[in-house]
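# Examining the three-dimensional arrangement
What follows is the residue order along each chain.
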Amino acid sequence: MNKFAFFLVGFCACLECGWAYGLKHADTPLGWALTILCVVACFFLLMQAFKLLPASICYTLFVGIGTALIVIAEIAHTLFNGGEVNFLRIFFVTLLVTGVIGLKNSKSEQKNG
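Note that this is a predicted model, so its numbers are computed, not measured. (Residues numbered from 1 in each chain as written. Predicted model: local features only at pLDDT ≥ 70, side-chain atom pairs only at ≥ 80, totals over all residues. Heavy atoms only, no water.)

### Overview of the pattern of salt bridges
Our working definition: Salt bridge, as used here: a side-chain nitrogen of Lys or Arg that lies within 4 Å of a carboxyl oxygen of Asp or Glu. Runs of E in the DSSP output that reach at least two residues are strands. Runs of H or I that reach at least four are helices, and both are numbered from the N terminus. Relative accessibility thresholds used throughout: buried, under 20% of the residue-type maximum; exposed, over 50%; partly exposed, between the two (1.4 Å probe, protein chains only).
Counted by the stated rule, this structure contains one salt bridge. Here Arg89 and Glu74 are joined by a salt bridge, their closest N and O atoms 2.6 Å apart. Of the two residues, Arg89 is situated in helix α4 (residues 87–104) and Glu74 in helix α3 (residues 55–80); the sequence distance between them amounts to 15 residues. Its relative accessible area of 38% is what places Arg89 among the partly exposed residues. A relative accessible area of 35% places Glu74 in the partly exposed class.

Dropping the structure here:
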């Protein structure tokens, strides 16, 4: 499978975190402009990745990596503000990341159709 496509999916997941953060915290025109830019860039690049990878793998990686990154950012935010971390949540994020890595490294490659 195309390594560039996996890079695109990972980059799109990072952009997803950017626009998710922006949807929650944007309160200035610049903040909203950056949020919209992240949304447009994210989905444009994701469409390019869909051309190179099977949809099942591409979408699963995008959602899994994006979810893991957002949860990690929330945990860091909680720790930074003196809150307590839910270890069960960390376990399930670790399980999610393990599944994403397993999917990426699985031997059953499908041809693009």
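### Considerations on the nonpolar core
When a protein is soluble and globular, its nonpolar side chains tend to lie buried together. Note the following rule: Only buried residues count toward a nonpolar core, which is a set of Ala, Val, Leu, Ile, Met, Phe, Trp, Tyr and Cys residues joined through side-chain atoms within 4.5 Å. Residues count as neighbours in contact if any of their non-hydrogen atoms are within 4.5 Å of one another.
Within the largest apolar cluster, 17 residues are counted, with the highest numbers of intra-cluster contacts made by Val9, Cys42, Leu53, Cys58, Leu61 and Phe62. Secondary-structure elements contributing two or more residues to this core are α1 (3–25), α2 (29–52) and α3. Among the elements that take part in this core, α1 stands out by supplying seven residues, more than any other. Among residues more than four places away in sequence, those in contact with Phe62 are Val9, Cys12, Ala13, Glu16, Cys42 and Leu46. Formed by five residues, the second largest nonpolar core is a distinct cluster that contains Ala68, Val71, Val85 and Val93.

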